[in-house]
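# Reading the structure
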Amino acid sequence: MKNILRLKNVSKKYKKSNFSIKDISFSLPEGNILGFIGENGAGKSTTMNCILNVLKKDSGKIEIFGKEMSDEDTDIREDIGVVYDSNNFPEHLTAEQLSDIFEKIYARWDNSCFKEYLKRFNLSKSQKIKTYSRGMSMKLAIAVALSHESKLLILDEATSGLDPIMREEILDVLLEFVKQENHSILLSSHITGDLEKIADYIVFIHKGEVILNKTKDELIYNYGVIRCSENNFVNISSEDIISIYKKDYQIDVLVSDRKLMEKKYKNLIVDSVSLDEIILLMAKGERNARLA
């Protein structure tokens, strides 16, 4: 399967804050959606800005459509649609005026396609952008990203703050986009429920490092959590433990093969686990370690 995006050992350090992303590596195959998740300040935006060449990485390699992008690579930029988590369009303009501007910027700008998305999203072409709600602004940004024949969408919290009906509408549009096999989406989101619905891969970044890089199906269908007491915990082999999280009277143990653990530890409870709980156990728990 051909990768539309590939990062290998990408690092970037901010000297003033001393924050850095370290050896970020993952790939996004054509025709797939990758959910890119992590807490605020984990390094998602830094990574995405390095991909877009807005920030200069210190080391590593980033390939988009099989080649590294420089400032001169306008052909690559034509194939990328970007949606940020806030409105980045001049607020005094209307959608129709915005279309006139993008027609001069993008060689493959499709005004008919843009008008169709405005109609689908119930956005007036003559309404000032400054009067848009957050949901309307997100819809407008997605309409723009989809109206110049982009092959890769990079979306930063595109569904955050939207009501469930509006989120579902946008998710449907994204799924339609990747039905074409040469299209892919990198979707940064805090809403794990959305990712469970549409993502093919999950990459979790924590404190500037990737600590989880799996297919969504592997996480949802194979991973599990053993809920036990300290007395029972001592019987669990270290090799079976991904992460442990101690509560008042219970220890939750994240494991990668729920069915195997059920057979191996017949006297223990092994529950299925949501993506949200996996992230919590990875971020808050102790990884690759036993309790002292």
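Look up: the structure comes first, before these words.
Residues numbered from 1 in each chain as written. Predicted model: local features only at pLDDT ≥ 70, side-chain atom pairs only at ≥ 80, totals over all residues. Heavy atoms only, no water.

### Considerations on the overall build of the protein chain
Within the protein chain, the secondary structure is distributed over eleven helices and 14 strands. For the C-alpha atoms alone, the extent of the protein chain along its principal axes is close to 70 × 40 × 40 Å. Buried residues in the protein chain amount to 48% of all 292 residues. The contacts of the protein chain with a sequence gap of at least 6 include a subset with a gap of at least 24, amounting to 70%. Looking at the protein chain as shown, the accessible area adds up to about 14600 Å², and 46% of this sits on carbon and sulfur atoms. Charge-centre separation for the protein chain: the mean point of 42 positive side chains lies 3 Å from the mean point of 45 negative side chains. (Helix = DSSP H or I, 4+ residues; strand = E, 2+ residues; numbered from the N terminus. Buried < 20%, exposed > 50% of the residue type's maximum accessible area, 1.4 Å probe, protein only. Contact = heavy atoms within 4.5 Å. Areas by Shrake-Rupley, 256 points an atom, 1.4 Å probe, with all protein chains shown as cover. Lys, Arg positive; Asp, Glu negative; His and termini not counted. Charge placed at Lys NZ, Arg CZ, Asp CG, Glu CD.)

### Some points on the side chain of Ser184
Turning to its location among the elements, Ser184 is positioned in strand 7 (residues 184-188). Its relative accessible area of 0% is what places Ser184 among the buried residues. At 3.1 Å, the side chain of Ser184 and the backbone nitrogen of Gly31 are in polar contact. Among residues more than four places away in sequence, those in contact with Ser184 are Ile4, Leu28, Pro29, Glu30, Gly31, Asn32, Lys151, Leu152, Leu153, Phe177 and Val178. (Polar contact = N/O pair within 3.5 Å; in protein donor to acceptor, adjacent residues only side chain to side chain.)

### Points about the pairing of strand 12 (residues 251-255)
Burial analysis of strand 12 places five of its five residues in the buried class, the great majority of the element. Looking at chain direction, strand 10 (residues 224-228) and strand 12 are connected through five bridges and run antiparallel. Bridged to Val225 within strand 12 is Leu254. Note: strand 11 (residues 243-246) against strand 12, four bridges, orientation antiparallel. Opposite Tyr245, over in strand 12, you have Asp252 as the bridge partner. The hairpin turn running from strand 11 into strand 12, its antiparallel successor, is four residues long. (Pairing = 2+ DSSP bridges.)

### With respect to the sheet that holds strand 7
Pairing within the open sheet is mixed, and its six strands lie in the order 5-6-7-3-8-9. Pairing within the sheet leaves two strands with one partner each, and these edge strands are strand 5 (80-83) and strand 9 (209-215). Neighbour-to-neighbour, the strand axes of this sheet turn through a mean angle of 15°, independent of strand direction. Note: strand 8 (residues 201-206) against strand 9, six bridges, orientation antiparallel. Paired with Phe204 across the bridge in strand 9 is Leu212. Across the sheet, helix 1 (residues 44-51) is in contact with strand 3 (33-37), strand 6 (152-156), strand 7 and strand 8; its angle to strand 6 comes to roughly 150°. Running over the sheet, helix 5 (residues 134-145) touches strand 5 and strand 6 and is turned about 175° from strand 5. (Axes fitted to C-alpha atoms, helices over the stretch in contact; angles between N-to-C directions.)

### Focus on the environment of Ser237
Mapped onto the secondary structure, Ser237 falls in the loop between helix 9 (230-233) and strand 11. Assessed through its relative accessible area of 27%, Ser237 is described here as partly exposed. Each C-alpha atom, one on Ser237 and one on Lys115, is 59 Å from the other, the two residues being 122 residues apart in sequence.

### So, the sheet that holds strand 2 (residues 20-29)
The strands that make up a sheet are held in pairs by hydrogen bonds between backbone atoms, and each pair lies either parallel or antiparallel. Judged by pairing direction, the sheet is antiparallel, and its three strands sit side by side in the order 2-1-4 without closing on themselves. With partners counted over all chains shown, the strands left at the sheet margins are strand 2 and strand 4 (59-64), one partner each. Adjacent strand axes in the sheet meet at a mean angle of 10° when their direction is disregarded. The sheet contact formed by strand 1 (residues 3-13) and strand 4 spans five bridges and is antiparallel. Bridge assignment links Lys8 to a residue of strand 4, and that residue is Lys61. In the packing of helix 1 onto the sheet, contacts are made with strand 1, strand 2 and strand 4, and the angle to strand 2 comes to roughly 65°.

### Some thoughts on the pattern of salt bridges
Close approach of charged atoms allows side chains of opposite charge to pair. Scanning the entire structure with this criterion turns up 18 salt bridges. A salt bridge links Lys214 to Glu218; its shortest N-O distance comes to 3.8 Å. Exposure remark for Lys214: the relative accessible area of 28% places this residue in the partly exposed category. Exposure remark for Glu218: the relative accessible area of 26% places this residue in the partly exposed category. Beyond isolated ion pairs, a larger network of salt bridges with shared partners links Arg227, Lys247, Asp252, Asp271 and Glu277. (Salt bridge = Lys/Arg side-chain N within 4 Å of Asp/Glu carboxyl O.)

Any functional reading would require information beyond the geometric quantities listed.
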